Amino acid sequence: GAGVSQTPSNKVTEKGKYVELRCDPISGHTALYWYRQSLGQGPEFLIYFQGTGAADDSGLPNDRFFAVRPEGSVSTLKIQRTERGDSAMYLCASSLDRGGEQFFGPGTRLTVL
Amino acid sequence: GENVEQHPSTLSVQEGDSAVIKCTYSDSASNYFPWYKQELGKRPQLIIDIRSNVGEKKDQRIAVTLNKTAKHFSLHITETQPEDSAVYFCAALGGGRRALTFGSGTRLQVQP
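Residues numbered from 1 in each chain as written. Chains lettered and ligands numbered in written order. Predicted model: local features only at pLDDT ≥ 70, side-chain atom pairs only at ≥ 80, totals over all residues. Heavy atoms only, no water.

1. Side note on the nonpolar core
The condition that has to hold: As used here, the term nonpolar core means buried Ala, Val, Leu, Ile, Met, Phe, Trp, Tyr and Cys residues forming a set that is joined through side-chain atoms within 4.5 Å. Using a 1.4 Å probe on the protein chains alone, a residue whose accessible area is under 20% of its type maximum counts as buried, one over 50% counts as exposed, and one in between counts as partly exposed. In DSSP terms, a helix is any run of H or I states spanning at least four residues, a strand is any run of E spanning at least two, and both are numbered starting from the N terminus. The criterion used for residue contact is that any of the two residues' heavy atoms lie within 4.5 Å.
Counting 23 residues, the largest nonpolar core has Phe33, Trp35, Phe73, Leu75, Ile77, Tyr88 and Leu108 of chain B as the members making the most contacts within it. Residue assignment for this core shows that the elements contributing at least two residues are strand 2 (10-14), strand 3 (19-25), strand 4 (30-38), strand 5 (45-51), strand 7 (62-67), strand 8 (72-77), strand 9 (86-94) and strand 11 (106-111) of chain B. In this structure Phe73 of chain B touches Ile21, Lys22, Cys23, Tyr25, Phe33, Trp35, Thr65, Leu66, Cys90 and Ala91 of chain B, once residues within four positions along its chain are discounted. Listed in part, the 20 residues of the second largest apolar core include Val19, Ile47, Leu60 and Cys92 of chain A.

2. Points about the sheet that holds strand 8 (residues 75-79) of chain A
All names here are of chain A. Worth spelling out the cut-off: When DSSP finds two or more bridges between two strands, those strands count as paired. Each axis is a line fitted through C-alpha atoms, and for a helix only the stretch in contact is used; angles between axes span 0 to 180 degrees, taken between their N-to-C directions.
Pairing within the open sheet is antiparallel, and its four strands lie in the order 1-3-8-7. Since the sheet does not close on itself, it has two edges, and those belong to strand 1 (5-7) and strand 7 (65-68), each with one partner. For this sheet, the mean inter-axis angle between neighbouring strands, taken without regard to orientation, is 15 degrees. In terms of strand pairing, strand 3 (residues 19-24) meets strand 8 through five bridges, oriented antiparallel. Residue Cys23 lies in a different strand from strand 8, and its bridge partner there is Ser75.

3. A look at the interface of chain A and chain B
This is how it is decided: By salt bridge we mean one thing: a side-chain nitrogen of Lys or Arg within 4 Å of a carboxyl oxygen of Asp or Glu. Within 3.5 Å is the distance limit for a polar contact, defined as a pair of N or O atoms, with the added protein rule that one can donate a hydrogen and the other accept it, and that residues adjacent in sequence qualify only through two side-chain atoms.
Opposite the 21 residues of chain A that make contact, chain B presents 17 residues. There are zero salt bridges connecting chain A and chain B. Our enumeration of links across chain A and chain B arrives at five residue pairs in polar contact (both at pLDDT 80 or more). Taken together, the elements giving at least two residues each to the side of chain A that touches chain B come down to strand 4 (31-37), strand 5 (44-50) and strand 6 (53-56) of chain A.

4. Focus on the side chain of Gln38 of chain B
With respect to the element layout, Gln38 of chain B can be found in strand 4. Here the side chain of Gln38 of chain B touches Gln37 of chain A through a polar contact of 2.9 Å, side chain to side chain. For Gln38 of chain B, the side chain forms a polar contact with the main-chain oxygen of Lys42 of chain B, separated by 3.0 Å. Apart from residues no more than four positions distant in its own chain, Gln38 of chain B is found in contact with Gln37 of chain A together with Arg43, Pro44, Ala86, Val87 and Phe89 of chain B.

5. Comments concerning the state of the cysteines
All names here are of chain B. Note the following rule: The disulfide criterion used throughout: a pair of cysteine sulfur atoms within 2.5 Å.
Taken as a whole and judged by the stated rule, the model has two disulfides over all chains. The disulfide that involves Cys23 links it to Cys90, with 1.9 Å between the sulfurs. Judged by the sign of its S-S torsion, about -100 degrees, the cystine formed by Cys23 and Cys90 is left-handed. Of this pair, Cys23 sits in strand 3 while Cys90 is found in strand 9, placing the two residues 67 residues apart along the sequence. Neither residue differs from the other here; Cys23 and Cys90 are each classed as buried.

6. Comments concerning the layout of surface pockets
Over the atoms a probe the size of a water molecule is rolled, and this reveals where empty space is left. The line we're drawing: Points on a 1 Å grid, built from protein atoms alone, make a cavity when a 1.4 Å probe fits but cannot get out and make a pocket when they are open with protein on both sides within 12 Å along at least 5 of 7 lines; residues with an atom within 4 Å of a point are the lining residues. Grid points are joined across faces, edges and corners, and a volume is the space filled by probe spheres set on the points. For this scheme, ten residues count as nonpolar: Ala, Val, Leu, Ile, Met, Phe, Trp, Tyr, Cys and Pro. Four count as charged, namely Asp, Glu, Lys and Arg, and the remainder, Gly too, count as polar.
Size it by volume and the largest pocket reaches roughly 520 Å³. Gly40 of chain A together with Gln38, Leu40, Val87 and Arg107 of chain B are the residues nearest the centre of the largest pocket, which is lined by 29 residues in total. For the lining of the largest pocket, the secondary structure elements donating two or more residues are strand 9 (88-95) and strand 11 (108-112) of chain A together with strand 9 and strand 11 of chain B. Across the lining of the largest pocket, the residue classes tally to eleven nonpolar, 13 polar and five charged. Empty space within the second largest pocket amounts to approximately 290 Å³. Of all the secondary-structure elements, those providing two or more residues to the lining of the second largest pocket are strand 5 of chain A together with strand 10 (101-102) of chain B. Considered class by class, the residues forming the lining of the second largest pocket number five nonpolar, seven polar and five charged.

None of the figures reported here should be taken as evidence of function without further support.
If you want it as structure tokens, here you go:
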């Protein structure tokens, strides 16, 4: 079946702009995770959804970052007033349930000029 | 929270040799330890994982060992091939945390 997909694959924006990054998890996976990966580093946790609710958003760096998953499937990560330091690869992962194997999407590379 | 340290940051071996990557973790409640391989510009892909109720797991040329007492786990790749060249990440999960905590990665280069 289809794996985790993310769109867009690349996003270039200007400082101060608003961006939305989309994640389509594997069908039937109830758990969805957003991670951020800077060059040369491991992925860092941002937020975790179980179903429609954000079960853990402790990794979001500040209130410019927000994510939703209104129907328990597709999720959107939203970043307001982007800053150059937000430039990174944003990875989405899903798993059948919490604690299960996480499958990663191809990521969205965000560049803030 | 959890802290995962990974060593070495880079590793170069000759084709056919073995490679070992080591990780330590801080939270004794962690109970799931996956290893991901990430090729340049691609997504992390799970290559092997181990849960805290076993000490070793093997899958063909890849093995992982876990020492719960010392809180460290290692990835062993035997008979390395050039296509094993990639960045490898260890991670830990458990203790009520909802997401993986990753190590900083090891860039493995297998010289033909």
